[in-house]
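# Chain and residue survey
Given next are the chains, with one letter for each unit.
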Amino acid sequence: MIKQSFKAGAGISHVGPAAALSLALLLASGSLRAAEADSTIVSGGSINDVVVTGTRQATSLSHLPMNVTVVNRSQLTENFQQSVLPTLTQEVPGLFISSRGVMGYGVSGGGSGSFNLRGLSGGSRVLVLIDGHPQYANIFDHPIGDAYQTMMADRVEVVSGPASVLYGSNAMGGVVNIVTRKMQDDGVRTSLNIGAGSYGSVQTELSNQVRQGRFSSTVAAQYSRSDNHRPHMGFEQYGGYLNLGYDLSESLTARVSADVTHYNASQPGAVSNPLLEADQYITRGVVNASLQNHYDGLDGALMVYSNFGRHKINDGYGPNSNNNQPRANLFRSKDALTGVSFYETIRLFEGNHTTVGADYQHIYGNAYNTSRADGSKVPTNYMAGTGKSYRNEWAAYVDFRQDLTAWLTANAGVRYDWQNVTGGEWVPQFGLAVRPVSNGLLKLTAAEGFRNPSMMELYFYGTNGNVDLEAERMWNYELSWQHTVGDFSYKANIFYLKADNLVGTGIKPDGKPGRINTGSFENSGYELQASYRICRSFSVHDNLSYIHQQEGREQIGTPKYVNYLGLRWQQGRFGANAGLQYVNHLYTGADEQTFTLLNATVTYSPLDNVKLWVRGENLLREKYEVMAGYPMPRATFMAGVNVDI
C-alpha cells in the first residue's frame, strides 16, 4: 500500500477580471512603441523562431502554415514545476489539461492529465511526442500526464490543429512535442532543485550536462511526493532521464536516450462516492536511438524507439462501489509501442523543401486480473477473450514546401496510413504562409486528422469485440495573423473544425451494448496572444481562447473562454512572476465551472549560482473543480532552493 500521512484538509461580455486587466495593459503597452525593430517576443514564439515539429526539419515559423506555440525552457522552469503540464495550461491558448490535486495526475478512474485542445478531448485525440515519437498508454490510448517531466525538456512545441500527415493516428487535434535537453557548448553543468510545501509535498531534481568535443550527455533524476488535500490521495514518484550523443562527423550524429518513471498514486473517489484502497502502481518508460544527418541540401534521421508501461490498479471500494467490500482482484496491464521512423528533407530546386518519410509501429497490449491473495491470474473477458492483442501500422508521407516569392510560401502534404484492423487512410493538408510586411505573417491552413480506435475500444469485453469500428476523422480550417512591432508582439487566429465518426458507447448492430461510431460535432473559435517588454526588468504577456461548441455535443474538459495574464519582473537579485487565469464555463459533464486563479513565484539570489524561491498557487482561495466531484485545493505554497554549478 502507499504510505501517506493524511491531512484534513461566455461571450465577450463575460470576459472576467483577468481579461479586463490584460486588455487595459496591452492597449497601453501597444501605444508605447510604434517603430519597427528586431523581432522580439516575450512569450509564445517569434515569427523567426526555429521549430522542428511542424515539418520534422528545423524550420522558421515564418515559412510554416500551421499554428505552433513554443514554450521554452526558461518558461518551463520559472515556477519550479516538475511537470511541464501546468506551464502548458497557462502558456498555450486553446489547450486545457485536467488536474485533481496538489501533485500527481494518476490514471484509471479519477485520473486526470487529460489533454483538451480546441474542444478535442477524450482518449488520445491530441498526440504527445518526445523528440518526434509518440507517447501514450496503448491499451487505453491516452497520454500519461505524470510521465512528462521538466527535467528532460529543452522546450515544448504545440501544434494546434491536425498534424496527422507527419505523425499519423492520434494527431487528429494537434501534437505536443517535448524537445529534450542537449548540451550545446563544451563544459559541465550541474543543477539541483529542492522544494517542500503544503500537504507534505516534496520535490527534488538533480541534473548534469556534459559536452566534451564530439560527446555530449544529459543525466537527470527526480523524486516527488504529496499527501494532497484530501484523505486517501497520496502520491509518490521517482524517475530518471539519460541522453547521450556523439558527433560521428560534422554532418552525422548518433544519439540514444532513455526515460523511466514510476509512481504510486491513490485516488479518493468523487466526494459523492468516496473510495478506499483505490491505488495505482504505474511504471512508464521510453528508449530511443537515432542517427541524424545534416548534409548540404539534406536533413533527416532514422529513429528506432519503444515506449512501454506496466500497470497494477486496485479500483477500490466504497458505498456505491463493489458492494462496499475490498476487491479480491487487481487489474493488471502491460503495453509497448515499438516503432521505426525514417524521414529525409531534400531541396529539389531553389526555395524548395520536400520531406519524404515512412513509419512502422507495432502496438502491443495485454490486460488481465490477478488475485490479491496469491497473485495468480484470474480468468477475464478482457481483450475479446484473448487477454492480449496487437496492431501493426505502416505509413508513408510526403510534405512539399515551396517559396513561390520572397513573401509567399505554399505547403502541401499527404500521408497514406494502413493498420491491420481498420485498414487504410489518406490524409491531406494544405497551407499558405504570407509575409506581406516586415515581421508580419499571415497563415491559412486546411488539414485533415484521424485517430484509429484504441485496443480498449476494439477488443475490451465480449467474444467478438468491436472490430468493425472505423477511424475518427476531422477537418480543421484556420486563418491567423502574427506581427511584431518593436518590443510588442501579437498573434490572432480563428478556426473551424468538424469531426466525424467519433467513437462512443451505444447499441451495436447485434443489439448488444458496446463501442460504436456515434456521429460528428463542430467547434469554432478564436485565440489571441500578445506580449510586451516594457523595460529590461519588466514584461507582460497574455493569451486567451474562445471555443464555441455545438449544442448537445459538448466535450468534457472544454472551457468556453480562458484568459491568462502573466507578469515577469527581475531587478538585481530579486525576481517575481505572477499569473492570473480566468476560466469561464468549463464543461465537466456534471456542470459548468467558472473561476479565477492567481499564482505567483518570488525568487532571491544570495549568490550568483543560488536561487531561493517561494511559489503560491490559487492565492485567491477559489473553490472550484476541474473534474466533476474532485474539488481542487485552496491556496497552497511551496518553497525551495535551486543551485547551479
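Structure first, text after, so check above.
First, a word on what this report is: a plain description of the structure on this page. (Residues numbered from 1 in each chain as written. Predicted model: local features only at pLDDT ≥ 70, side-chain atom pairs only at ≥ 80, totals over all residues. Heavy atoms only, no water.)

### A short note on the overall build of the protein chain
Applied cut-off: Counting from the N terminus, the helices are DSSP H or I runs at least four residues long and the strands are E runs at least two residues long. Only C-alpha atoms enter the radius of gyration, while the globule expectation follows 2.2 Å times N to the 0.38, with N the number of residues. When charges are counted, Lys and Arg contribute as positive and Asp and Glu as negative, whereas His and the chain ends are disregarded. A charged residue contributes its charge at one atom only: NZ of Lys, CZ of Arg, CG of Asp or CD of Glu.
A count of helical and extended segments in the protein chain gives five helices and 34 strands. Whereas a compact globule of 645 residues would reach a radius of gyration of roughly 26 Å, the protein chain reaches 24 Å, a difference of no more than 12%. Principal-axis analysis of the C-alpha atoms gives the protein chain an extent of 70 × 55 × 55 Å. Looking at charge distribution, the protein chain has the averaged site of its 50 positive side-chain charges lying 6 Å from that of its 54 negative ones.

### Focus: the pairing of strand β31 (residues 610–617)
Defined as follows: The pairing criterion is simple: DSSP has to find at least two bridges between the two strands.
As defined by bridge partners, strand β30 (residues 592–607) adjoins β31 across six bridges and the pair is classed as antiparallel. Across the sheet, residue Val 602 finds its bridge partner in β31, namely Val 614. Where β31 meets strand β34 (residues 636–644), eight bridges bridge the pair, whose relative direction is antiparallel. When the sheet's bridge partners are listed, Val 610 is paired in β34 with Val 643.

### A few points about the packing of aromatic side chains
Stated formally: Centres within 6.5 Å make a pair out of two Phe, Tyr or Trp rings, where for Trp the six-membered ring is used; the pair is then stacked when the planes are under 30 degrees apart, edge-to-face when over 60, and tilted otherwise. Relative accessibility decides the category of a residue: with a 1.4 Å probe and only protein chains considered, values under 20% of the type maximum give buried, values over 50% give exposed, and everything between is partly exposed. Only lysine NZ and arginine CZ atoms are considered, and such an atom sits over a ring when it is within 6 Å of the ring centre and within 35 degrees of the ring normal.
According to the stated counting rule, one finds 14 aromatic pairs in the structure shown. With a centroid separation of 4.7 Å and 10° between ring planes, the pair formed by Phe 80 and Trp 613 is classed as stacked. In this pair, Phe 80 is assigned in the loop between α2 (73–77) and α3 (85–91) and Trp 613 in strand β31, connecting sequence segments 533 residues apart. The class of Phe 80 is buried, set by a relative accessible area of 11%. Overall, the relative accessible area of 1% leaves Trp 613 in the buried class. Pairwise contacts between aromatic rings join Tyr 360, Trp 394 and Trp 418 into one cluster. One Lys or Arg, Arg 118, reaches over the ring of Phe 495 and ends 4.4 Å from the middle of that ring. The ring of Tyr 281 carries Lys 312 above its face, with NZ or CZ at 5.0 Å from the centroid.

### Some points on the sheet that holds strand β8 (residues 153–160)
Formally: Geometry is summarised by axes, namely lines fitted to C-alpha atoms with helices restricted to the contacting stretch, and by angles between N-to-C directions that run from 0 to 180 degrees.
Read from one edge of the open sheet, five strands run β3-β8-β9-β6-β7, paired in mixed fashion. Each of the sheet's edge strands pairs with one partner strand only, and the pair in question is β3 (67–72) and β7 (133–135). Sheet twist, expressed as the average angle between the axes of neighbouring strands with direction ignored, equals 25°. With four bridges connecting them, strand β6 (residues 127–130) and strand β9 (residues 174–180) associate as parallel partners. The residue of β9 that forms the bridge with Val 128 is Val 176.

### Regarding empty space enclosed by the protein
Defined as follows: Buriedness for pockets is judged along seven lines, at least five of which must meet protein on both sides within 12 Å for an open set on the 1 Å grid over protein atoms alone, while cavities are sets there where a 1.4 Å probe fits but cannot get out, and lining residues have an atom within 4 Å of a point. Grid points are joined across faces, edges and corners, and a volume is the space filled by probe spheres set on the points. The nonpolar class holds Ala, Val, Leu, Ile, Met, Phe, Trp, Tyr, Cys and Pro. Asp, Glu, Lys and Arg form the charged class, and all remaining residues, Gly among them, are polar.
Taken as a whole, the largest cavity holds about 750 Å³ of empty space. Lining the largest cavity are 42 residues, with Pro 86, Gly 101, Val 102, Tyr 105 and Glu 617 positioned closest to its centre. For the lining of the largest cavity, the secondary-structure elements that each account for two or more residues are α3, β4 (95–97), β11 (201–212), β13 (235–249), β30, β31 and β34. Looking at the lining of the largest cavity element by element, the count peaks at four residues for α3. Class assignment of the residues belonging to the lining of the largest cavity gives a composition of 16 nonpolar, 21 polar and five charged. Roughly 190 Å³ of volume is contained in the second largest cavity. Surrounding the second largest cavity, 22 residues form its lining, Pro 134, Tyr 167, Asp 359, Gln 361 and Arg 415 being those nearest its centre. Put simply, the parts of the chain that give the lining of the second largest cavity at least two residues each are β6, β7, α4 (164–167), β16 (298–313), β18 (352–371), β20 (388–405) and β21 (408–419). Tallied by class, the residues present in the lining of the second largest cavity amount to 11 nonpolar, six polar and five charged.

### Looking at the nonpolar core
What counts is decided by this rule: Side-chain atoms within 4.5 Å link the members of a nonpolar core, which is a set of buried Ala, Val, Leu, Ile, Met, Phe, Trp, Tyr and Cys residues. Any two residues whose heavy atoms approach within 4.5 Å at even a single point are treated as in contact.
Among the nonpolar cores identified, the biggest contains 69 residues, and Val 84, Leu 88 and Phe 115 are the most heavily contacted of them. With sequence-adjacent residues up to four places away left out, Leu 88 is seen in contact with Val 71, Leu 95, Ile 97, Val 156 and Val 176.

### A look at unusual backbone geometry
Here Tyr 199, not a glycine, exhibits a phi torsion of approximately 60°, which is positive. Take Tyr 199: it is sitting in the loop between β10 (187–197) and β11. Not every positive phi belongs to a glycine, and His 232 is a case in point at roughly 60°. Note that His 232 resides in the loop between β12 (215–226) and β13. His 232 sits in the partly exposed class, given a relative accessible area of 32%.

### Quick word on the pattern of salt bridges
Which entries qualify depends on this criterion: Whenever Lys or Arg places a side-chain nitrogen within 4 Å of a carboxyl oxygen from Asp or Glu, that contact is recorded as a salt bridge.
This model, assessed by the stated rule, comprises 22 salt bridges. Residue Asp 185 is joined to Arg 189 by a salt bridge in which the shortest nitrogen-to-oxygen separation is 3.9 Å. The partner of Arg 372 in a salt bridge is Glu 277, with the nearest N and O atoms 2.9 Å apart. Taken as a pair, Arg 372 in the loop between β18 and β19 (377–378) and Glu 277 in the loop between β14 (252–266) and β15 (279–293) lie far apart in primary sequence, 95 residues in all. By relative accessible area, which is 35% here, Arg 372 ends up partly exposed. Taking the relative accessible area as the measure of exposure, Glu 277 reaches 24% and is therefore partly exposed. Salt bridges sharing common partners tie together Arg 125, Arg 451, Glu 457 and Glu 472.

Shape is all these values report; function is a separate question.
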